[in-house]
Amino acid sequence: MSEKNLKKRLSILTTVVILLSLCLVAGGTFVSKYLGDLEKETMYQSLENDARKYKNDLEKQIDADFQTLRTLAAFLNSGQRIQVDTLIKGLSKSSEYTQFVRMGFFEVNKNGLRVDYQGGKEEFVELEAIFKEAQELVKKAWNGEESFSKFYIDNQFQKNVIAYAVPVYEDDVVIGALVATNEDTVYKNILDNAKSTSGKGHTYLISSEGKFLIEDQQKGDKEDIDNIFITNYVQQVKKVEEALANKEYISSTLKYGGYEYEVFFSPVGVHDWYIMNVDSVENVNPSMHTTMTVIQQMFLFILLLVFVLIVISYRLLRSSNQKIIDQAYYDPLTKIYNSTRFQQAVSERLNSNKRYALVSLNILKFKFINQVYGKIQGDLLLCHIANVLKSNMGKYELYCRENADIFLVLMEYDSYKQLHERLETIMQEIVDYSLHKHRKHEIIVHCGVSYRKHDDTCDKLLNRAIFAMKQAKGNHQNLIIDYDEDVHQASQLQNYIESHMQQALDDEEFKLYLHPKFDLHTDKLQGAEALVRWIRKDGSMIFPDQFIPLFEQNGFCVELDFYMVKKACAQLREWMNQGYEPIMISINQSKLMFYQKDYVKKLLAIVNAYDIDPYYITLEILEGLSLEEPTKLNDIILQLKEVGFRISMDDFGSGYSSLHILSSLQIDELKLDRVFLKEVHGENGYQQEIIMKNIIQLAKSMGMMTVAEGVETMDDEILIKEIGCDVGQGYYYNRPIPVDVFYQEYFQNQ
């Protein structure tokens, strides 16, 4: 990238950062204001709830005081003269519920008597001699009205008190008034008990003129202030005065001692009393307050960060560009081109007139290497391949890791021979790599080569190279395959197979062939293996090795396997209806079958539809499947065996067999791959014979039946009988034959 473009990108980046920061500041201001309003709203709601609790408790206390007086009044009557002792006893009884400091009784228009909490007593007390506030209450009680006073100072006891008065009746006629005073300590206790939500706020009882009547025992932050409407205490004084005069709810703010508090005024509903709750935002909702503080600090930090980013953005831009390029165009493991960058570069190279060939290269059974030697060793092998390619490439040649263990190479060439020699050198350097210092594992490399034509695009070259490479599948030696006419025809056949496979299944072009199996103890037919042949309507045949690998790749093998099970069951049912004894038929099951939902249920539905005992169906699995997920596989095997199917492990010994896996699977039959009999006649035949014999004995000790595949001569049969094999299968007995021929040879003729 040029310096001009770099500066342009830097300018754009700076502008974006500034705009983003402004947006953040604006957004932060909005959020901060919104959270502040929400915080205050929550605060006022909390204060209102606190006021409501105090109001309820205050009302309960007043009701309790009245109820106590009513109870005492019920014991008084005019039938006998009121005795001082009676009132003392009543005061003593009432002290369990209230803290009355003085009680008195005044008959209508007569003098009264009084007692106090200190034991004092007075008789013949004139009404005018008592406190003015109490006089008014007595007169109201003579008129049959219950009432209580505002707070006033009892000069005798120097206590702030409130007076209550209730009428005393006889035969529904008021005969006197019972009056009592209660000190403000009771109501202060209510304030103390009605704790604020935060536990740190304060509650006061004030008058509508702003005078403090009662405060909690802690006093809070009020100290010596007697009235709230003093200068610089409550904010918006006039607005608060009007609200209190009109008995309205109102919130405000007060400042004291250098701190700001939120205050909420709530009318009590009696006299002109108001409950004033005071608390701070950080007390009521400390988490929200902390959040607000953090947000403010965060945006200050962001503003500072913007300036720092602008200063260092030039350096960051250069390094970030390189990181972006690395992530977009390079494989993270091998550090060479990835497929995307490779294809871009190849397209650029194809604009020249040079002779190019595109090579697709992969490692045979790389997944097995990862499983046996571990992913770390697998990754090291991939890095080794990348280094080999790097050391063997010319100036204008390209290479990349396409995915997994597949590498792509664009090479110049003078002749096919010269290109093959270079590839053989590369392959040799790759296979010389040692995966483990104590174990030698043979690394096998397959290469597919596509030679550029004048109108080729990168995609065409790539598709041909990969297709050619796949033609080597199953070959256990280093191999280079050129995309030529034969491969081209194979490619066309593959296209035909993929486009016609479903129609062929619907038209029943897939035919059931049977390969007989013989009991080596009785020399009689033991069963048969079901094989599939694709015979088109014109009579031409597509062989299994041409379509089975492709079906395993595209998943169509699942439908075909179920189809073959149906065909086998239908044939067994036909023979049984003709009166013949059923034979066991083995049917191959692809790996994908075991990952099908309701696999066991679907198989059972098929055999039940034809009324076939599952015992006569043997399901063959490949040994490679057992290496992938043995526990899950064994669970499915047990389900199959539980409903009656028999399980066979096919081609045992063809790959990387594991006796441990074999011991963990609950299988009924073990089929030895044809490679054993083939190698018995080779250089190490004696060792192969010993291996076969021990495998058979091991299988028998585990309760498994053994089947030898690839029996082609009488000597083969004699050998497998001698080493104790149970069943033989191969061309010595017969080739795979159509079901009608099988019927003629093994049922009708016999």
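Treat the numbers as computed from the prediction; the structure is a model and nothing was measured.

Focus on the side chain of Glu509
Structurally, Glu509 is set in the loop between helix H13 (485-506) and strand E19 (510-519). Within the buried set, Glu509 has no salt-bridge partner at all; the shortest N-O distance to an opposite charge, 5.1 Å, is to Lys537.

Some details on the pairing of strand E2 (residues 112-116)
Extensive coverage of E2 is indicated by the burial of 5 of its 5 residues. Of the two faces of E2, both are covered, the one formed by Gly112, Arg114 and Asp116 as well as the one formed by Leu113 and Val115. Note that strand E1 (residues 100-107) and E2 share 5 bridges and pair antiparallel. Note that in E2 the partner of Met103 across the bridge is Val115. Linkage of E1 to E2, two consecutive antiparallel strands, is achieved through a turn of 4 residues, within which Asn109 is found at a positive phi near 60°. Looking at chain direction, E2 and strand E3 (residues 121-125) are connected through 3 bridges and run antiparallel. Paired with Val115 across the bridge in E3 is Lys121. Hairpin connection, E2 to E3: the antiparallel pair is bridged by 4 residues, and Gly119 has positive phi, about 95°.

Observations concerning the pattern of salt bridges
Taken as a whole and assessed by the stated rule, the structure comprises 22 salt bridges. The partner of Lys159 in a salt bridge is Glu183, with the nearest N and O atoms 3.3 Å apart. You can see Lys159 sitting in strand E6 (residues 159-170) and its partner Glu183 sitting in strand E7 (residues 173-183), a full 24 residues away along the chain. Look at Lys159 and you get partly exposed, because its relative accessible area is 21%. Measuring nitrogen to oxygen at the nearest pair gives 2.6 Å for the salt bridge that ties Lys641 to Asp668. Of the two residues, Lys641 is situated in helix H18 (residues 630-642) and Asp668 in the loop between helix H19 (659-664) and strand E25 (669-672); the sequence distance between them amounts to 27 residues. Taking the relative accessible area as the measure of exposure, Lys641 reaches 29% and is therefore partly exposed.

Considering the environment of Leu505
With respect to the helices and strands, Leu505 occurs in helix H13. Using a relative accessible area of 10% as the deciding quantity, one classes Leu505 as buried. Put simply, Leu505 and Trp534 are 29 residues apart on the chain and 9.3 Å apart in space, counted from C-alpha to C-alpha. Not counting residues within four places of it along the chain, the set of residues in contact with Leu505 comprises Phe510, Phe556, Glu559, Leu560 and Tyr563.

Regarding a nonpolar patch on the surface
Residues Ile18, Leu19 and Leu22 make up a contiguous nonpolar surface patch of roughly 280 Å² in combined accessible area. Within the secondary structure layout, Leu19 lies in helix H1 (residues 3-74).

Some thoughts on the sheet that holds strand E12 (residues 273-279)
Sheet architecture is open: 5 strands sit in the order E9-E8-E12-E11-E10, paired in antiparallel fashion. Bordering the open sheet on either side are strand E9 (212-215) and strand E10 (250-256), each of which pairs with just one other strand. Sheet twist, expressed as the average angle between the axes of neighbouring strands with direction ignored, equals 30°. As paired strands, E10 and strand E11 (residues 259-267) are joined by 7 bridges and run antiparallel to one another. Directly across from Ile250, in E11, lies its bridge partner Phe265.

What to know about the pairing of strand E17 (residues 445-451)
With 7 of 7 residues buried, E17 lies mostly within the body of the structure. Neither face of E17 is left uncovered, since the one carrying Val445, Cys447, Val449 and Tyr451 and the one carrying His446, Gly448 and Ser450 both have all their residues buried. Read from E17 through helix H12 (residues 458-470) to strand E18 (residues 479-482), the crossover connection turns out left-handed.

Some points on the state of the cysteines
A covalent bond bridging the sulfur atoms of two cysteines is what the word disulfide describes. Counted by the stated rule, this structure contains 0 disulfides. With no disulfide of its own, Cys458 has Cys400 as its nearest cysteine by sulfur position, at a separation of 9.0 Å.

Examining the environment of Gln571
As for its placement among the helices and strands, Gln571 is situated in helix H15 (residues 557-577). The sequence separation of Gln571 and Val739 amounts to 168 residues, and the corresponding C-alpha distance is 8.0 Å. Every residue in contact with Gln571, bar those within four places of it in the chain, is listed here: Leu512 and Val739.

A word on the sheet that holds strand E13 (residues 337-338)
Read across the sheet, 6 strands follow the order E13-E15-E16-E14-E17-E18 without closing on themselves; strand pairing throughout is mixed. On the outer flanks of this sheet lie E13 and E18, each paired with one strand and no other. Along the sheet face, H12 touches strand E14 (356-363), strand E16 (406-412), E17 and E18 and points at about 145° away from the line of E17.

Focus on the side chain of His446
Residue position: His446 is located in strand E17. Accessibility expressed as a relative area gives 3% for His446, which makes it buried. Separated by 2.9 Å, the side chain of His446 and the backbone oxygen of Asn475 make a polar contact. Sequence-distant contacts of His446, that is, excluding residues within four places in its chain, are made with Ser360, Leu361, Asn362, Leu364, Met469, Ala472, Asn475, Gln477 and Leu479.

Comments concerning the packing of H13 against helix H14 (residues 544-554)
Running from N to C, H13 and H14 cross one another at 60°; their axes reach a closest spacing of 10 Å. Comparing the axis directions of H13 and H14 gives the class oblique. At the point where H13 passes H14, the crossing takes the right-handed sense. Contact with H13, carried on its side by Leu493, Gln494, Ile497, Glu498 and Met501, involves Gln546, Phe547, Leu550, Phe551 and Asn554 of H14 and no other residues of that element. Residue composition of the contact of H13 with H14, by class: 6 nonpolar, 3 polar and 1 charged.

Some points on unusual backbone geometry
The residue Asp523 is not glycine, and still its phi comes out positive at about 60°. Of note, Asp523 is situated in the loop between E19 and strand E20 (525-535). A relative accessible area of 46% places Asp523 in the partly exposed class. The phi dihedral of Asp651 falls on the positive side, at around 55°, and the residue is not glycine. With respect to the element layout, Asp651 can be found in strand E24 (residues 646-652).

Reading the values: rules and limits
- Residues numbered from 1 in each chain as written.
- Predicted model: local features only at pLDDT ≥ 70, side-chain atom pairs only at ≥ 80, totals over all residues.
- Heavy atoms only, no water.
- Helix = DSSP H or I, 4+ residues; strand = E, 2+ residues; numbered from the N terminus.
- Buried < 20%, exposed > 50% of the residue type's maximum accessible area, 1.4 Å probe, protein only.
- Lys, Arg positive; Asp, Glu negative; His and termini not counted.
- Salt bridge = Lys/Arg side-chain N within 4 Å of Asp/Glu carboxyl O.
- Pairing = 2+ DSSP bridges.
- Contact = heavy atoms within 4.5 Å.
- Patch = residues over 30% accessible without salt bridge, like charges linked within 9 Å, V, L, I, M, F, W, Y side chains within 5 Å.
- Areas by Shrake-Rupley, 256 points an atom, 1.4 Å probe, with all protein chains shown as cover.
- Axes fitted to C-alpha atoms, helices over the stretch in contact; angles between N-to-C directions.
- Right-handed = clockwise from strand over helix to strand, strands pointing away.
- Disulfide = S-S within 2.5 Å.
- Polar contact = N/O pair within 3.5 Å; in protein donor to acceptor, adjacent residues only side chain to side chain.
- Parallel < 35°, antiparallel > 145°, perpendicular 65-115°, else oblique.
- Left-handed = near helix turned anticlockwise from the far one by under 90°.
- Nonpolar A, V, L, I, M, F, W, Y, C, P; charged D, E, K, R; others polar.

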